[in-house]
Amino acid sequence: MPNNIVFFGESGVGKSSIINLIIGHKKADISSSAKGCTFQATQYSANVSGHSLALWDTAGLNEGDQGTVSDMKAVGNLYRMLKGLEGGVSLLVFCMRAPRINDAAHKNWKLFREIICQKRVPVVVIITHLELEPGSMDDWWTRNERAFRTYEMNPNSENHPTGVACITATKGKLKKNGYQFEEEYEISQKKARELITKAYLRVPWKVSPVEWFQTIISRSTDTDCWGNVTVKEEKQRVAGRGVHELASRWGISEAEATKLANALEGK
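Residues numbered from 1 in each chain as written. Predicted model: local features only at pLDDT ≥ 70, side-chain atom pairs only at ≥ 80, totals over all residues. Heavy atoms only, no water.

The protein is annotated in an unreviewed UniProt entry as G domain-containing protein of Coprinopsis marcescibilis.

Structure below.
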């Protein structure tokens, strides 16, 4: 059974292009539109350096306008996909476009790493659009690592020096002597492949359902004029551990956390 590698992040960061880079030829559809073209998770099977992998391209997590929660539908779809993956999850790949981290990236990181995957699945980072970086593309991480740490976004570096690959996922324009960024592309391919194959769990973790809500049952008795006792039960659905964690870790109200939890449950 192939190891499930799940790519997630905002729309427009280049998840599909990264998958094509890793595979070595175009398989995933790419869109130049602002809205993106990946509306649901799509699997691409690949053998990378002798490793049998299932690369999952997912919807962007910021496509929509739901106030504090940027795109509940996409977040809910990704959660249910992770929960339903046969064989479990081997790696989460957080894809991000340079130059800087934003609050949505921080929230999505915490949601999927800490709440849904309970810190049991390694998360690595691929930074795209660094083809014009002066000097080495890796210099971007040197300058921005502190910002990641400040946001408590710590890539898994247990089996990789940094848990990060700074890359370009485009070859650029075709010129007389080849593509504009051909050398950078080849370097990026090697780095992305090395990151994925070193970091993934050899024993996948199965995502278990999060307790978003609890059901509280209250009982009352009623006695009629003949002395007959009737027991009445009333069920009430209240916020559970998952909702409280969403509110705390995302810094949102419990009402907003409840709204997101309902979306995650598909309600």
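**Section: the packing of aromatic side chains**
Which entries qualify depends on this criterion: Here a pair means two rings of Phe, Tyr or Trp (six-membered ring of Trp) with centres within 6.5 Å. Their orientation is stacked below 30 degrees between planes, edge-to-face above 60, and tilted elsewhere. Any Lys NZ or Arg CZ that is within 6 Å of a ring centre and within 35 degrees of that ring's normal is treated as a charge sitting over the ring.
Tallied over the full model, the rule gives six aromatic pairs. Its end group placed over the ring of Tyr-200, Arg-202 keeps NZ or CZ at 3.9 Å from the ring centre.

**Quick word on the nonpolar core**
As a reminder of what qualifies: For the purposes of this section, nonpolar cores are sets of buried Ala, Val, Leu, Ile, Met, Phe, Trp, Tyr and Cys residues that join through side-chain atoms within 4.5 Å. Partly exposed residues are those whose accessible area sits between 20% and 50% of the maximum for their type, while under 20% is buried and over 50% is exposed, using a 1.4 Å probe and protein chains only. Segments assigned H or I by DSSP are reported as helices when at least four residues long, segments assigned E as strands when at least two residues long, and all are numbered from the N terminus. Where each domain begins and ends follows an automated or database-derived domain assignment. We call two residues in contact when some of their heavy atoms are within 4.5 Å.
Counting 55 residues, the largest nonpolar core has Leu-82, Leu-92, Phe-112 and Ile-127 as its most contacted members. Considering every element that reaches this core, the biggest residue donor is helix α2 (residues 72-84), with seven residues. Two domains share this core, each providing at least three of its residues, namely domain 1 (3-199) and domain 2 (209-265). Beyond its immediate stretch of four places on either side in the chain, Ile-127 contacts Met-96, Ala-98, Trp-140, Phe-148, Val-164, Ala-165, Cys-166 and Ile-167. Counting 27 residues, the second-largest nonpolar core is a separate cluster that includes Ile-5, Ile-126, Tyr-185 and Ala-192.

**Focus on the domain arrangement of the protein**
Quick reminder of the rule: Summed over both partners, buried area is the accessible surface (1.4 Å probe) that two parts give up on being assembled. Should a side-chain nitrogen of Lys or Arg be within 4 Å of a carboxyl oxygen of Asp or Glu, the pair is scored as a salt bridge. Side-chain classes are defined by residue name, with Ala, Val, Leu, Ile, Met, Phe, Trp, Tyr, Cys and Pro counting as nonpolar, Asp, Glu, Lys and Arg as charged, and the others, Gly among them, as polar.
Here the protein is described as being made up of domain 1 (3-199) and domain 2 (209-265). Opposite the 16 residues of domain 1 that make contact, domain 2 presents 14 residues. Both faces considered, domain 1 and domain 2 share a buried interface measuring about 1600 Å² in area, 67% of it formed by carbon and sulfur atoms. When the area that domain 1 buries against domain 2 is broken down by residue, the three leading residues are Met-72, Tyr-79 and Ile-115, summing to 37%. In this assembly, domain 1 and domain 2 are joined by zero salt bridges. Ranked by residue count, the leading element in the side of domain 1 that touches domain 2 is helix α3 (residues 103-116), at seven residues. Its residues assigned to classes, the side of domain 1 that touches domain 2 comprises seven nonpolar, four polar and five charged.

**With respect to the sheet that holds strand β4 (residues 91-97)**
Defined as follows: Here the rule is simple: two strands pair whenever DSSP picks up at least two bridges between them. Between N-to-C directions, angles span 0 to 180 degrees; the directions come from axes that are lines fitted to C-alpha atoms, helices contributing only their stretch in contact.
Here six strands make up an open sheet; going across it, the order is β2-β3-β1-β4-β5-β6 and the pairing mixed. Strands at the two margins of the open sheet, each flanked by one partner only, are β2 (42-48) and β6 (164-166). Neighbour-to-neighbour, the strand axes of this sheet turn through a mean angle of 25 degrees, independent of strand direction. Relative to strand β3 (residues 51-57), β2 is paired through seven bridges, and the arrangement is antiparallel. In the sheet register, Tyr-44 faces β3, and the bridge partner there is Leu-55. Lying on the sheet, helix α1 (residues 15-23) is in contact with β1 (3-8), β2, β3, β4 and β5 (123-128); it crosses β3 at an angle near 165 degrees.

**Comments concerning the pairing of strand β10 (residues 229-239)**
As judged from the 11 bridges shared by strand β9 (residues 213-223) and β10, these two strands associate in the antiparallel manner. What sits directly across from Thr-223, in β10, is Val-229. Here β9 hands over to β10 after five residues, with Gly-227 in that stretch at a positive phi of 90 degrees.

**Describing the pairing of β3**
Of all seven residues in β3, six are buried; the element is thus mostly enclosed. Of the strand pairs in this sheet, β1 and β3 are connected by five bridges, and their pairing is parallel. Across the sheet, residue Phe-7 finds its bridge partner in β3, namely Asp-57. From the end of β2 to the start of β3, which pair antiparallel, there are two residues, and Ser-49 there has a positive phi angle of about 55 degrees.

**Let's talk about α1**
Of all nine residues making up α1, nine are buried, and the element is well covered by its neighbours. By the burial criterion, the buried members of α1 are Lys-15, Ser-16, Ser-17, Ile-18, Ile-19, Asn-20, Leu-21, Ile-22 and Ile-23. Residues of α1 that are buried make contact with β1, β2, β3, β4, β5 and α5 (182-199). Gly-24 sits one or two positions beyond α1 and adopts a positive phi of about 105 degrees.

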